[in-house]
Amino acid sequence: GFTAPQNFENLGRLNFAGKFEGSFRHFSAEGDLLTDIGQADMKISMDVREGPDQAQYSGGFSLIDFDLGAFSENPDLGVVNLYADVSEGQGLRLESLSTRILATVEGFSYKGYTLNNFNMNGTFDGPLFNGKFDILDEYLNFSFRGKVDLSEELPQIDLDANIIQMDLGKLQLTERDLQVSGDVLARIDNYKINQLDARIEL
C-alpha cells in the first residue's frame, strides 16, 4: 500500500546498513543509508498503525553531501549538509502535524554559493510554524523570529527580523552588488505584487 513520491526514484540505488525492527507500519531503525546522490544517517521510531493523522514518531537524522538539486530537480539548489532532531512528532499531514524540530545546516548551496551556519528551532502545530532562524554567514547574517501560517495557498508571515548583513549580489539574488542591513517587523497576508496585503515597519 506504499506509493513513493515521484522524485523518490532520483535517489537511485539504496544501500542501508544498520538495524530495522518491526513492520513497515510500526518500526524503529538506525543506521546509514547510501544513495546515488548522498548519504543519510538516521535513528528513528515510527508508528503509523492508526493512520497518517495519528502517526507517532521521533528521532534524528543527518544528510551528508546530499544533492538536494538532483532530488528536487531544481537546478538552483545544490549539496546540503545538515542535522535535524524531531521530538514528540505526531501526524504526517500538514493539517494534523504537531512536532518540535531542531536543525543545524552546516552547508547549503544555492546558485553556486554555499551558505554556512544556519540554525532552526521551532514547532509545528498543524499548518502553523512558530520558531526562530539564525544564519551566521560571511554574506548573510541575520536572526528571524516569527510565525508562518501554511493553511492558505500563500503562506501568511508574521516576523521580527534583525538583518546584520545581507549581500544580495554575492548570494546570487540580484545581478547588481546590493547590500542590506536593518530591522524588519512585518505581517504579510498576501504578497502577490498586484494584491499586496501587508503591514511592514523597516
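Below is a summary of the structure that appears in this document. Please read all numbers here as calculations on a predicted model, not as lab measurements.

## Some thoughts on the environment of leucine 92
- For leucine 92, the position within the fold is in the loop between strand E5 (77-90) and strand E6 (98-110).
- Along the backbone, leucine 92 and glutamine 56 are 36 residues apart, and their C-alpha atoms lie at a distance of 8.8 Å.
- Not counting chain neighbours up to four residues away, the residues in contact with leucine 92 comprise Val48, Pro52, Ala55 and Tyr57.

## Topic: the nonpolar core
- Formed by 30 residues in total, the largest nonpolar core has its most connected members in Tyr57, Leu140, Phe142, Leu159, Met166, Leu171 and Val184.
- Elements with a minimum of two residues in this core: strand E2 (26-35), strand E7 (113-115), strand E9 (128-136), strand E10 (140-149), strand E11 (156-167) and strand E12 (179-190).
- Ranked by the residues each element gives to this core, the list is headed by E11, at five residues.
- With residues up to four places along the chain from it excluded, the contact list for leucine 140 reads Leu115, Ile135, Gln165, Met166 and Leu171.
- If you look at the next biggest cluster of nonpolar residues, it comprises eleven residues, including Leu63, Phe66, Val80 and Ala103.

## Side note on the side chain of aspartate 167
- Inspection of the secondary structure assignment puts aspartate 167 in strand E11.
- Buried within the structure, aspartate 167 lacks any salt-bridge partner; lysine 170 is the closest side chain of opposite charge, at an N-O distance of 4.5 Å.
- In contact with aspartate 167, other than residues within four places in its own chain, are Tyr139, Asp177, Leu178 and Gln179.

## Notes on the pairing of E2
- Looking at chain direction, strand E1 (residues 15-23) and E2 are connected through nine bridges and run antiparallel. Among the inter-strand pairings, alanine 17 is bridged to a residue of E2, identified as aspartate 32.
- A loop of two residues connects E1 with E2, the two strands running antiparallel in sequence.
- Linkage of E2 to strand E3 (residues 38-47), two consecutive antiparallel strands, is achieved through a turn of two residues.

## Structural notes on the packing of aromatic side chains
- A complete count under the given rule lists seven aromatic pairs for this structure.
- Among the aromatic residues, ring-to-ring pairing joins Phe118, Phe124, Phe129, Phe133 and Phe144 into one connected group.

## As for unusual backbone geometry
- Despite not being glycine, glutamate 73 shows a phi value in the positive range, around 60°.
- For glutamate 73, the location among the structural elements is in the loop between helix H1 (68-72) and E5.
- Unlike most non-glycine residues, glutamine 172 shows phi in positive territory, near 65°.
- Structurally, glutamine 172 can be placed in the loop between E11 and E12.

Rules used in this analysis
Residues numbered from 1 in each chain as written. Predicted model: local features only at pLDDT ≥ 70, side-chain atom pairs only at ≥ 80, totals over all residues. Heavy atoms only, no water. Helix = DSSP H or I, 4+ residues; strand = E, 2+ residues; numbered from the N terminus. Contact = heavy atoms within 4.5 Å. Core = buried A, V, L, I, M, F, W, Y, C linked by side-chain atoms within 4.5 Å. Buried < 20%, exposed > 50% of the residue type's maximum accessible area, 1.4 Å probe, protein only. Lys, Arg positive; Asp, Glu negative; His and termini not counted. Salt bridge = Lys/Arg side-chain N within 4 Å of Asp/Glu carboxyl O. Pairing = 2+ DSSP bridges. Phe/Tyr/Trp six-rings, centres within 6.5 Å; stacked < 30°, edge-to-face > 60°.

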